[in-house]
Every structure is written in C-alpha cells, then in structure tokens.
Amino acid sequence: MKAIERRTIRKYTSEKIDEKTLNYILNCGQRASNCGNMQLYSIIVTQSEEGKKRLAPLHFNQPMVEDCAVVLTVCVDVNRFNKWCEINSAQKSLNNFLFLNVATIDAAVCTQAMAQAAEEKGLGICYLGTVNYMVEPISEALNLPDGVIPVTCLTIGYPKETPPVTERLPLSSVVHYEEYKDYTDANIKAMYRDIEQNPSNQDFVKENSKENLAQVFSEVRYPKQMNEEFSEKYEAYLKEHFFSK
Ligand SMILES: Cc1cc2nc3c(=O)[nH]c(=O)nc-3n(C[C@H](O)[C@H](O)[C@H](O)COP(=O)(O)O)c2cc1C
C-alpha cells in the first residue's frame, strides 16, 4: 500500500504473520527516530488467542482485537532507563510531565514506523485509541510495572477488506506557511463543507438526532463528560505509577 493511498483495515483473514515479517516490523519500529537515542518505550506483542481474548474487553470489544494476527501495545517506558541509572548511581530524571510527553512522542513515532512497515509487507493495521481510556486494566493485563504506560496500540493482520480511502480536510486547512493564520468562520465553513456533505456523515447526523456533524463528534462520539471521566482516571494512574517514582 502506498503511503498516499493508505487506509485503516479493520477486517482480517485468519492468516498468521510469520516470525521474519513480525521481526522486520518490530525492527523498523526500533529504527525510528527517538529522543537522545534513549528509546524510552517498550512494545508488548500479543499473539496468543488467550492474550487477545483478555485484551478484547479492555478495548471495548472492538472486533479487530480478536480477529487480527497481532496486537502491538506500545508503552512509554522510563522503567528500563531508571534501572540503568540506578545501577550506575545516576539520578533518575525522567518521571515528569516533560518526559512523559517526550517518551509518548517516541512511542508514537515507533508505532507509525511499525504501521508503515506492516503496510509495506501487505498487511493492514488499525490504531486503537481505547488504550488511553483503559490504562489501568490494560497495564494490569500486560503486567506493566511503574514507569511503563501504554500509549498506542495497533492491530495488524492480512486484509479481508478494501475500504474506500477516507476523506480529509483540504490540505490548505492543516498547513500554514511561515506562520499560523487563524481561521475565520467563513474559512471553517468552507473547510468542513465536503465532510459535512458526505452522505454517510449526513446519515450519521440523522441517526443520532443531532443538528450537525460537529455535534455528533463532540456530543456523541467524544462527549465532554466521558472525556473528563476518563481523563481523571488517567491522571490518577499517572500520579501513582509514573510521576511519584
Ligand atoms: C490515535 C488513534 C486512535 C484510533 N482509535 C481507533 C479505534 O479505537 N478504533 C478504530 O476503529 N479506529 C481507530 N483509529 C483509526 C481512525 O479511526 C482512522 O485512522 C481515521 O478514521 C481515518 O481513517 P483512515 O485511517 O482509514 O484514513 C484510531 C487512529 C488513531 C491515530
């Protein structure tokens, strides 16, 4: 799949991924750029049926988890680096917000490199944002110690579907040359017009009895109250298992 034509794949055949291909994908992830070459992440590979079954409900039973060949959960990991510091009488310096952010970027860059490597090998991938909603139970299921926080997740398998390429906003709406140019209401309306007029999005608005697509996104799919509840859980988990160490 060429990068410009890529699309998320949510249906997979039962074909397994051989060890050589999986190792290639993992190596491409590790080859990605990362801060100071400290490699502040770990990748948990879930291939067994029982492992995928255990993870499925923690991803709100999204069917890709059990149907895929491999689930890759990529975690911020300052545990390994801290242990290295400890045995070298070096100060632990990474259990703070800055390095949570830096290591999250490392993990995301690594994840996308693995996604592209998988697609290069004819596989399909789907990211699972549910990993951020369910940090505590996923950490328990994967036996993650303090300092290791799951941040991204990919399901990978051989595609059993070829969905259409999804729409994007016009390129000019996400690219700013030389400096940020803030949007007028007219710009915003023009930029979202095609997405709003897409028939499946219009059905989405009707099915949810909303007035428009923005309301569907912000009040049905990603509502404030739900986001705040999951945020609180996330923050509490980080306080206990990342910042305080
Ligand atoms: C951080 C992140 C979280 C995502 N979470 C989910 C998810 O939980 N379930 C899902 O089906 N797709 C998920 N996706 C895939 C997006 O829905 C998809 O990339 C987007 O709709 C654009 O479609 P495309 O990738 O086919 O172009 C996620 C993607 C990203 C980058």
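Residues numbered from 1 in each chain as written. Predicted model: local features only at pLDDT ≥ 70, side-chain atom pairs only at ≥ 80, totals over all residues.

We now examine the overall build of the protein. Scanning the protein from terminus to terminus reveals twelve helices and four strands. With the C-alpha coordinates aligned to their principal axes, the bounding extent of the protein is approximately 60 × 45 × 35 Å. Buried positions account for 26% of the 245 residues belonging to the protein. Counting contacts in the protein only where the partners sit at least 6 residues apart, residues at least 24 apart contribute 78% of the total. (Helix = DSSP H or I, 4+ residues; strand = E, 2+ residues; numbered from the N terminus. Buried ≥ 20, exposed ≤ 12 C-beta atoms within 10 Å, placed from the backbone. Contact = placed C-beta atoms within 7 Å.)

Our next topic: the sheet that holds strand S1 (residues 41-46). Spatial strand order, S1-S2-S4-S3: four strands in an open sheet with antiparallel pairing. Looking at strand neighbours, the two that pair on one side only are S1 and strand S3 (124-127), the edges of this open sheet. Each strand of the sheet is rotated relative to its neighbour by a mean of 25°, with strand direction disregarded. Across four bridges, the pairing between S3 and strand S4 (residues 148-157) is antiparallel. Across the sheet, glycine 124 pairs through a bridge with glycine 157, a residue of S4. (Pairing = 2+ DSSP bridges. Axes fitted to C-alpha atoms, helices over the stretch in contact; angles between N-to-C directions.)

The next point concerns helix H5 (residues 97-120). Along an α-helix, residues three or four apart share an orientation, since each turn contains 3.6 residues. The terminal C-alpha atoms of H5, which comprises 24 residues, lie 35 Å apart, in line with the 34 Å expected from a rise of 1.5 Å per residue. Where H5 is concerned, the buried positions are Ala103, Asp106, Ala107, Cys110, Thr111, Ala113, Met114, Ala115, Ala117, Ala118 and Glu119. Those residues of H5 that are buried lie in contact with helix H1 (19-31), S1, strand S2 (70-77), S3 and S4. Glycine 122 lies just past H5 and shows a positive phi near 85°. (Expected span 1.5 Å × (residues − 1).)

Time to look at unusual backbone geometry. The backbone of glutamine 39 sits at a positive phi, close to 50°, despite the residue not being glycine. For glutamine 39, the location among the structural elements is in the loop between H1 and S1. Residues other than glycine seldom take positive phi values, yet serine 89 does so here, at roughly 50°. Note on placement: serine 89 falls in the loop between helix H4 (79-87) and H5.

Turning our eyes to something else, we now look at the environment of cysteine 68. Inspection of the secondary structure assignment puts cysteine 68 in the loop between helix H3 (64-67) and S2. You can call cysteine 68 buried: it has 27 C-beta atoms within 10 Å. The sequence separation of cysteine 68 and valine 216 amounts to 148 residues, and the corresponding C-alpha distance is 29 Å. When sequence neighbours within four positions are dropped, the list of residues in contact with cysteine 68 reads Tyr12, Thr155, Ile156 and Gly157.

Distances and angles like these do not, on their own, reveal function.
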